[in-house]
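# Structural overview for review
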Amino acid sequence: MNYMPGTASLIEDIDKKHLVLLRDGRTLIGILRSIDQFANLVLHQTVERIHVGKKFGDIPRGIFVVRGENVVLLGEVDLDKECDQILQRVSIEEILEEQRVEQQAKQESEKRKLQAVKERGLSIPKADTLDDF
């Protein structure tokens, strides 16, 4: 196998199943159909996998185009490896509800932390104001 620089090394991975972790935290699983010099990806038969605790659910997304700058991790799925089934597959509705509950709990926790910081006379700059420095 010869070394190919940059995204050219992924040419051999076309038409194989891959897992893609995006910058916004989403996880996609699909067949890699195309890639360019900017690492833009085209995935076919894509599902978005949502994990909450020990449960997961797959939401079918079909053909998915991913801008290269949003890719955090790209890895081939080993179809021959036996799955340990530690996680429990649940329906789309159930996993979306679990995700909503988890996000609400996170938001409430952040509110409590922010309130505790304010009570101590401190302040946390908002994320959009950090770019001004």
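Residues numbered from 1 in each chain as written. Predicted model: local features only at pLDDT ≥ 70, side-chain atom pairs only at ≥ 80, totals over all residues. Heavy atoms only, no water.

Convention followed: UniProt positions are given in the numbering used here, feature names are shortened, and annotations may be inferred rather than shown by experiment.
Going by what an unreviewed UniProt entry lists, the chain is known as U6 snRNA-associated Sm-like protein LSm1 and is assigned to Astyanax mexicanus. UniProt, in its Sequence similarities (unreviewed entry) section for the chain, records the words "Belongs to the snRNP Sm proteins family." As its UniProt record puts it under Subunit (unreviewed entry), the chain is described as follows: "Interacts with SLBP; interaction with SLBP occurs when histone mRNA is being rapidly degraded during the S phase. LSm subunits form a heteromer with a donut shape."

## Observations concerning the pattern of salt bridges
Heads up, the rule is: When a carboxyl oxygen of Asp or Glu is within 4 Å of a side-chain nitrogen of Lys or Arg, the pair counts as a salt bridge. Secondary structure counts use DSSP, requiring at least four H or I residues in a row for a helix and at least two E residues in a row for a strand, with both numbered from the N terminus. Type-normalised accessible area, obtained with a 1.4 Å probe on protein chains alone, sets the label of each residue: buried when under 20%, exposed when over 50%, and partly exposed for intermediate values.
Evaluated as defined, the whole model comprises 10 salt bridges. Lysine 55 is paired through a salt bridge with glutamate 98; the nearest N and O atoms lie 3.2 Å apart. Within this pair, whereas lysine 55 is found in strand β4 (residues 55-66), its partner glutamate 98 is found in helix α1 (residues 92-119), the two being separated by 43 residues in sequence. The partly exposed category is assigned to lysine 55, whose relative accessible area is 22%.

## Brief notes about the UniProt feature "coiled-coil region" (unreviewed entry) in the chain
Look at the UniProt record and you will see "coiled-coil region" (unreviewed entry) annotated at residues 92-120. The span residues 92-120 shows a helical share of 97% and a strand share of 0%, and its end C-alpha atoms are spaced 42 Å apart.

## Some details on the side chain of histidine 18
Basically, it comes down to this: In this description, contact between two residues means that some pair of their heavy atoms is separated by no more than 4.5 Å.
Inspection of the secondary structure assignment puts histidine 18 in strand β1 (residues 17-22). Ignoring any residue separated from it by four or fewer positions in sequence, one finds histidine 18 in contact with Asp13, Leu28, Ile29, Gly30, Leu32, Leu74, Gly75, Glu76 and Val77.

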